[in-house]
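One letter stands for each residue in the lines below.
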Amino acid sequence: MVEQGDAAPLLRWAEGPAVSLPQAPELQAGGRGWGSGGAAEPLRRREPEELGPSEVLLQPGRLEPGDVEEDQVVAVFVVTFDPRSGNMVEWCLPQDIDLEGVEFKSMASGSHKIQSDFIYFRKGPFYGLACFANMPVESELERGARMKSVGILSPSYTLLYRYMHFLENQVRHQLEMPGHYSHLAAFYEDKKGVLHAGPGRGSSLPPVYWLPSIHRYMYPEMKITHPAGCMSQFIKFFGEQILILWKFALLRKRILIFSPPPVGVVCYRVYCCCCLANISLPGIRGTIPESKPFFYVNVADIENLEVEVSYVACTTEKIFEEKPELYDVYVDNQNVKTHHDHLQPLLKINSADREKYRRLNEQRQMLLYSQEVGEDYHPCEEDLFVLFFLEQNNRIFQTLLEISASQDKTLTAEHARGMGLDPQGDRSFLMDLLEAYGIDVMLVIDNPCCP
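Counting restarts for each chain, with residues numbered from 1 along the sequence as it is written. Predicted model: local features are reported for residues with pLDDT of at least 70 only, side-chain atom pairs are reported and counted for 80 or more only, and whole-chain, interface and lining totals are derived from all residues. Side-chain measures were taken over the full set of non-hydrogen atoms in the model, leaving aside hydrogen atoms and water.

Colleague: What's the story with the pairing of strand 6 (residues 254-258) in this structure? I'm lost.
Modeller: Put simply, side chains in a regular strand alternate between the two faces of the sheet. Classification of residues uses two cut-offs on accessible area relative to the type maximum, computed with a 1.4 Å probe and protein chains only: under 20% is buried, over 50% is exposed, and between them is partly exposed. To qualify as a helix, a DSSP run of H or I must reach at least 4 residues; to qualify as a strand, a run of E must reach at least 2; elements of each kind are numbered from the N terminus. Burial analysis of strand 6 places five of its five residues in the buried class, which makes it a mostly covered element. Of the two faces of strand 6, the one lined by Arg 254, Leu 256 and Phe 258 and the one lined by Ile 255 and Ile 257 are each fully buried. The pairing of strand 6 with strand 8 (residues 311-315) spans five bridges and is parallel. For Ile 255, the partnering residue across the bridge sits in strand 8 and is Val 312. Here strand 6 pairs with strand 9 (residues 329-332) via four bridges, running parallel. Looking across to strand 9, one finds that Phe 258 is bridged to Asp 332. In this scheme, strands are said to pair when DSSP sees at least two bridges between them.

Colleague: Please clarify how the packing of helix 5 (residues 242-250) against helix 8 (residues 351-372) should be interpreted in this entry.
Modeller: The convention used is that axes are lines fitted to C-alpha atoms, helices contributing only their stretch in contact, and that angles between N-to-C directions extend from 0 to 180 degrees. Relative to each other, helix 5 and helix 8 sit at 110°, their axes nearing to 10 Å. As summarised for this structure, helix 5 and helix 8 are arranged roughly perpendicular, according to the angle between their axes. Between helix 5 and helix 8, the residues in contact are Ile 242, Leu 243, Trp 246 and Lys 247 and Asp 353, Lys 356 and Tyr 357, respectively. Of the residues contributing to the contact of helix 5 with helix 8, the split by class is four nonpolar, no polar and three charged. Any angle between 65 and 115 degrees counts as roughly perpendicular, while under 35 counts as roughly parallel, over 145 as roughly antiparallel, and the rest as oblique. Note on contacts: a residue pair is in contact if any heavy atoms of the two residues lie within 4.5 Å. Throughout, the ten residues Ala, Val, Leu, Ile, Met, Phe, Trp, Tyr, Cys and Pro are labelled nonpolar, Asp, Glu, Lys and Arg are labelled charged, and all others, Gly among them, are labelled polar.

Colleague: Looking at this structure, I do not really get the nonpolar core. What am I missing?
Modeller: The tendency in soluble globular proteins is for nonpolar side chains to be buried side by side. We call a set of buried Ala, Val, Leu, Ile, Met, Phe, Trp, Tyr and Cys residues a nonpolar core when their side-chain atoms join them within 4.5 Å. Judged by nonpolar contacts, the single largest core of 111 residues is most densely connected at Tyr 120, Phe 234 and Phe 397. Of all hydrophobic cores here, the second largest spans 12 residues; its members include Phe 258, Ile 302, Phe 320 and Leu 326.

Colleague: Where do I start with the packing of aromatic side chains in this structure?
Modeller: Any pair of aromatic rings gets described here by the distance separating the centres and the angle formed by the planes. Any two rings among Phe, Tyr and Trp, with Trp reduced to its six-membered ring, count as a pair given centres within 6.5 Å; such a pair is stacked if its planes are under 30 degrees apart, edge-to-face if over 60, and tilted if neither. On inspection of all chains with the given rule, the structure shows 19 aromatic pairs. Measuring from ring centre to ring centre gives 6.4 Å for Phe 118 and Tyr 120, while their planes differ by 85°; the resulting arrangement is edge-to-face. Look at Phe 118 and you get buried, because its relative accessible area is 5%. On the basis of relative accessible area, Tyr 120 is assigned to the buried category, the value being 0%. A ring pair is formed by Phe 234 and Phe 238, whose centres lie 5.2 Å apart and whose planes are at 70°; its orientation type is edge-to-face. Here the residue Phe 234 and the residue Phe 238 both occupy positions in helix 4 (residues 230-238), the gap between them amounting to four residues, near one helical turn. Over a ring means this: the NZ of a Lys or the CZ of an Arg is within 6 Å of the ring centre and within 35 degrees of the ring normal. Taking NZ or CZ as reference, Arg 122 lies 4.9 Å from the ring centre of Phe 294, over its face. Across from the ring centre of Phe 258, 4.4 Å away, lies the NZ or CZ of Lys 318, which sits over that ring.

Colleague: How should the pattern of salt bridges be read in this particular structure?
Modeller: Salt bridge, as used here: a side-chain nitrogen of Lys or Arg that lies within 4 Å of a carboxyl oxygen of Asp or Glu. Within this structure, the stated rule accounts for 15 salt bridges. A salt bridge links Glu 90 to Lys 148; its shortest N-O distance comes to 2.6 Å. Of this pair, Glu 90 sits in strand 2 (residues 86-93) while Lys 148 is found in strand 5 (residues 145-154), placing the two residues 58 residues apart along the sequence. Measuring nitrogen to oxygen at the nearest pair gives 3.0 Å for the salt bridge that ties Arg 358 to Glu 362. Separated by four residues within a single helix, Arg 358 and Glu 362 lie in helix 8, roughly one turn from each other. Take Arg 358: its relative accessible area is 40%, and that puts it in the partly exposed class. Residue Glu 362 is classed as partly exposed on the basis of its relative accessible area, which comes to 41%. Salt bridges sharing partners connect three or more residues here, namely Lys 318, Glu 321, Asp 332 and Lys 337.

Colleague: Sorry, what's going on with the environment of Leu 251 here?
Modeller: Locating Leu 251 in the fold gives a position in the loop between helix 5 and strand 6. When its relative accessible area of 4% is taken as the criterion, Leu 251 is described as buried. For the pair Leu 251 and Ala 277, spaced 26 residues apart in sequence, the C-alpha to C-alpha distance is 8.4 Å. With residues up to four places along the chain from it excluded, the contact list for Leu 251 reads Ile 288, Leu 346, Phe 429, Asp 432, Leu 433 and Ala 436.

Without other data, these values stay purely geometric and don't point to any function.
Structural data, given as structure tokens:
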């Protein structure tokens, strides 16, 4: 298998420096893993020499050419539900690692109603993945059900998917043979990472890499059992409202997604929402906070969320809706809402949004046609969606940077249309964008006349 970071041809965007992308996992086993979908059949892995120069995509993150993201597991743990004590960590390695709160992150509120789930979450500077399972047992002491989660922590979440199958098997093993940890201990010894201590390391978070890769040949062989990838399902689920989420993500708002369990698929919506805000132009990324994927959060995370200026997260706890100080945008099923008056105009779909959505669907139909006629190379839907929004974002910021460098610094209705925006419908969005990114441009688009 060709590993992430290997040399490959590059496609340049907007005259910016070209770098290679970190890989993203395929979607497998009922939606497990980022990445592409398509038909329920194994993907053929393509070697680098088979790819054309237009089949590679920029990464707007911080990896440099040749960098390889380290595959590190810093902790392995087993969480159980005790009928008397509630959720508790029953075993972990290393034994001295701080796992406070992991017992609630890795077993989502409401999980007792479902048979199995998987959960991505954040714990301090680390990201976690846990697999949950619920098994009926003939035991009065356990009240007829045994529930456990087996999980891991890593400095980055982009490689956690590799261990999904292992964790699923291990949680079943723990349910059937409680107290047998030898496989988990051997796994930790094999995969444990060495964290290099540095000045202020305890308070600084590692870089986050989350743009999916277009390199199909980088992916490991996996059985694809989900009808389509997570980005494709994300956009089908929200429809035109994807453009509303796109604007809030680009403005780096605090976005909280509510859903009852299972929470795994909702973690993918968090990831996809972050992907909408990709920008690969130099000079833009450092001007605004990262859009942080917090994945699953619960009431134990309230103190952390109170100090965050930008994040995307999901929860199964309805009580969050009653705490509007913790979020800017609340998503309940397909209902997107905000309690901020100045953000209300962004909830309206305008003509430019509909045109973007039409073009997105048109490109998807062309992609499906190319797959049907059996062309030698065709990208997957995930690549199409990621490239679509990356190009849209680059076009907006390229225009804004050019205007800010001009003599009169004036942004007109013609400029807005050139960026694919509605001069009137997106006026509020443009004003928020200029303020959020600190771009020195004067907006001369008049407000629509009041009746």
